[in-house]
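Survey of secondary and tertiary structure
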Amino acid sequence: MTGKFRTKCPSCGEVYDLTAVSPCKKCGTALAPLGGMIKLYRMGSPIGIAAGFGIYINGQPFGHIGNKQTVYLSLPFGAHNVHITCGMTRRCNDIIVNLTPETPIGYLKTSIRPGFWTNSIDITPAMPQDVPD
């Protein structure tokens, strides 16, 4: 891991990429990694789409992910619905990731699937070695 994690302030909802425990810049709440983590990798786009993909966890915005980027999403233990969008499409095959003390990290890959009339976003489970840092 590169030492950076993305978390959402439980008080005000701001999303931050952090390298250490620190206070929320908006409300001052202490922010730290939670019990689990989703390591999400956006594979390179086959058609050169460099626009950021929006990340939604349990229906709530969780920032963006760029082309060929990996983000570490710090989340509490439990089941989490992951949905990815792009400016041109909101079609996505959502995936549920269950984080537990026994399996605290979920590994996912995402990519855009070009279609004849519309594009859609794919999210698939991955092996740890398939998700670069």
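Report follows, based on the coordinates. Within every chain, residues take consecutive numbers counted from 1 along the sequence as written. At least 70 in pLDDT is required for a residue's local features to be given in this predicted model, at least 80 for side-chain atom pairs to be given and counted, and no such filter applies to totals for whole chains, interfaces and linings, which use all residues. Only heavy atoms go into the side-chain values, all of them from the structure, while hydrogens and water stay out.

A pair of aromatic rings is counted whenever rings of Phe, Tyr or Trp (Trp by its six-membered ring) have centres within 6.5 Å, and the orientation is called stacked for planes under 30 degrees apart, edge-to-face for over 60 and tilted otherwise. Enumeration over the complete set of coordinates arrives at zero aromatic pairs. Charge-over-ring placement is defined geometrically: NZ (Lys) or CZ (Arg) within 6 Å of the ring centre, and within 35 degrees of the ring normal. R42 extends its terminal NZ or CZ atom over the ring of F53, reaching a point 3.6 Å from the ring centre.

Bringing the environment of V97 into the picture now. Runs of E in the DSSP output that reach at least two residues are strands. Runs of H or I that reach at least four are helices, and both are numbered from the N terminus. Among the secondary structure elements, V97 is positioned in strand β10 (residues 95-99). Only protein chains enter the area calculation, which uses a 1.4 Å probe; residues under 20% of their type maximum are buried, those over 50% are exposed, and those in between are partly exposed. Take V97: its relative accessible area is 8%, and that puts it in the buried class. When the C-alpha positions of V97 and V82 are compared, they lie 7.4 Å apart, and in sequence the two are 15 residues distant. Working rule for contacts: check all heavy atoms of both residues, and any pair within 4.5 Å makes them a contact. Aside from chain neighbours lying at most four places away, what touches V97 is I38, G78, A79, H80, V82, G106 and L108.

Right, let's get into the pattern of salt bridges. For this document, the term salt bridge refers to a Lys or Arg side-chain nitrogen within 4 Å of an Asp or Glu carboxyl oxygen. Applying the stated criterion across every chain yields a total of three salt bridges. Here D17 and R6 are joined by a salt bridge, their closest N and O atoms 2.7 Å apart. Note that D17 is positioned in strand β2 (residues 15-18) and R6 in strand β1 (residues 5-8), a separation of 11 residues in sequence. What makes D17 partly exposed here is its relative accessible area of 39%. When the shortest N-O distance is used, the salt bridge between D133 and K39 registers 2.8 Å.

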